[in-house]
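Notes for the structure review
Listed here are the chains, written in short residue letters.
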Amino acid sequence: MYPILLALIAGLCTGLGALIIFIFKPTRVFMSASIGFASGIMLTLAFTGLLHESMEISYILAIIGFVLGALLILILDSLLPHMQFSILEKGIIDKKRFKTAMLIATGVALHNIPEGFAIAAGFYHLPAFGLFVAVAIALHNIPEGIAIALPIISAGGSRKKALTISFLSGLSEPLGAVIGVLLLSFALELIPIALAFAAGVMVYLTVDELLPMAQRYKHPHGMGFGVIAGCVVAILISTII
Ligand SMILES: [Zn+2]
């Protein structure tokens, strides 16, 4: 139950992101930096956390899991809606913008499933490592919540709608943890593959979706600074936990 609870708390942080934009209006530099921040956390977690732990057990399984994780997203990507969007771009009718906003929310909700799975895999490997994965993902989810809520509001959606949708998209996180618990509690030998699999998913999603999303807010250095800040924060969390 513990990894599922951790994933639920991490998932709820997506809703927290929506609350933040009720307080102030995000600028382009804020958006590119905060999505960059979410990316930096993800990459550090994947390489220095998940993949590293998997490689300590088996290099071969780490490579297999990593490639399988990336391949899964590559395949899903061609079948499912993508996190493409056009927020802050003028001259687009609201209906279309709202549809785009919903695509972002769906994209984040879908990618929260493997994140929840990563929390479960981390937990079965080592409970303290599971906690680190959960905290890192929770922090990464706050900017994602902002990235969901902002397009909804600028498409004319109400605050309540923005908050509800970002909260709902966070709920797929415990779903991923349930899948992880069901799979790994019966097959502990799959843990190294599961850790590397989660890393493969995260690296692919970050490079293919989060970083391009940050770039669309068009600020020359916001994303870069955000990525570095995210990396630093993830390293700090890993040393604290
Ligand atoms: Zn995420």
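Structural notes, computed from the coordinates.

About the cut-offs
Residues numbered from 1 in each chain as written. Predicted model: local features only at pLDDT ≥ 70, side-chain atom pairs only at ≥ 80, totals over all residues. Heavy atoms only, no water. Helix = DSSP H or I, 4+ residues; strand = E, 2+ residues; numbered from the N terminus. Rg over C-alpha atoms; globule rule 2.2 N^0.38 Å. Buried < 20%, exposed > 50% of the residue type's maximum accessible area, 1.4 Å probe, protein only. Contact = heavy atoms within 4.5 Å. Areas by Shrake-Rupley, 256 points an atom, 1.4 Å probe, with all protein chains shown as cover. Lys, Arg positive; Asp, Glu negative; His and termini not counted. Charge placed at Lys NZ, Arg CZ, Asp CG, Glu CD. Core = buried A, V, L, I, M, F, W, Y, C linked by side-chain atoms within 4.5 Å. Donors = N, O, S within 2.8 Å, 3.2 Å for Na, K, Ca; no water. Expected span 1.5 Å × (residues − 1). Arc of directions from axis to C-beta.

This brings us to the overall build of the protein chain. The helix and strand tally for the protein chain stands at nine helices and zero strands. When the helices and strands of the protein chain are placed in sequence order, the string is α-α-α-α-α-α-α-α-α. Here the C-alpha atoms of the protein chain give a radius of gyration of 17 Å, agreeing with the 18 Å that 2.2 N^0.38 yields for 241 residues. If one aligns the C-alpha atoms of the protein chain with their principal axes, the spans along those axes are about 55 × 35 × 35 Å. Split into buried and exposed, the 241 residues of the protein chain put 54% on the buried side. Considering only intrachain contacts with a sequence separation of at least 6, the fraction spanning at least 24 residues in the protein chain is 86%. For the protein chain, the accessible area works out to roughly 10700 Å², and carbon and sulfur atoms hold 76% of it. A distance of 22 Å separates the average location of the 12 positive side-chain charges in the protein chain from that of its 11 negative side-chain charges.

To continue, consider the nonpolar core. Looking at soluble globular proteins, one finds that nonpolar side chains tend to be buried together. L45, L50, I119, V133, I137 and M202 are the most contacted members of the largest nonpolar core, which totals 43 residues. Mapped by element, the contributors of at least two residues to this core are helix 1 (2-23), helix 2 (28-57), helix 3 (59-79), helix 4 (94-125), helix 5 (127-154), helix 7 (172-184) and helix 8 (191-215). In terms of residue count, the dominant contributor to this core is helix 8 (11 residues). Contact partners of L50, with chain neighbours within four places excluded, come to L45, A118, F129, V133, L195, A198, A199 and M202. Residues I35, A38, A162 and Y217 belong to the second largest nonpolar core, which totals 25 residues.

This part is about the coordination of the zinc ion. For the zinc ion, every protein donor is listed as H111 (NE2), E115 (OE), H140 (NE2), E144 (OE) and E144 (OE), and the spread of their distances is 1.9 to 2.4 Å. Read in sequence order, the donor residues coordinating the zinc ion give the pattern H-x3-E-x24-H-x3-E. With H111 in helix 4 and H140 in helix 5, this residue pair connects regions lying 29 residues apart in the sequence. Here H111 falls in the buried class, since its relative accessible area comes to 4%.

The next thing to look at is helix 9 (residues 222-240). Across its 19 residues, helix 9 extends 27 Å between first and last C-alpha, which sits within 8% of the 27 Å expected from 1.5 Å per residue. Taken together, the buried positions of helix 9 are occupied by G222, M223, G226, V227, G230, A234 and I237. For helix 9, the arc enclosing every buried residue in end-on projection is 125°, short of the 170-degree limit, so these residues lie on one face. Away from its buried face, by an angle of more than 90 degrees, helix 9 presents the exposed residues F225, I228 and T239.

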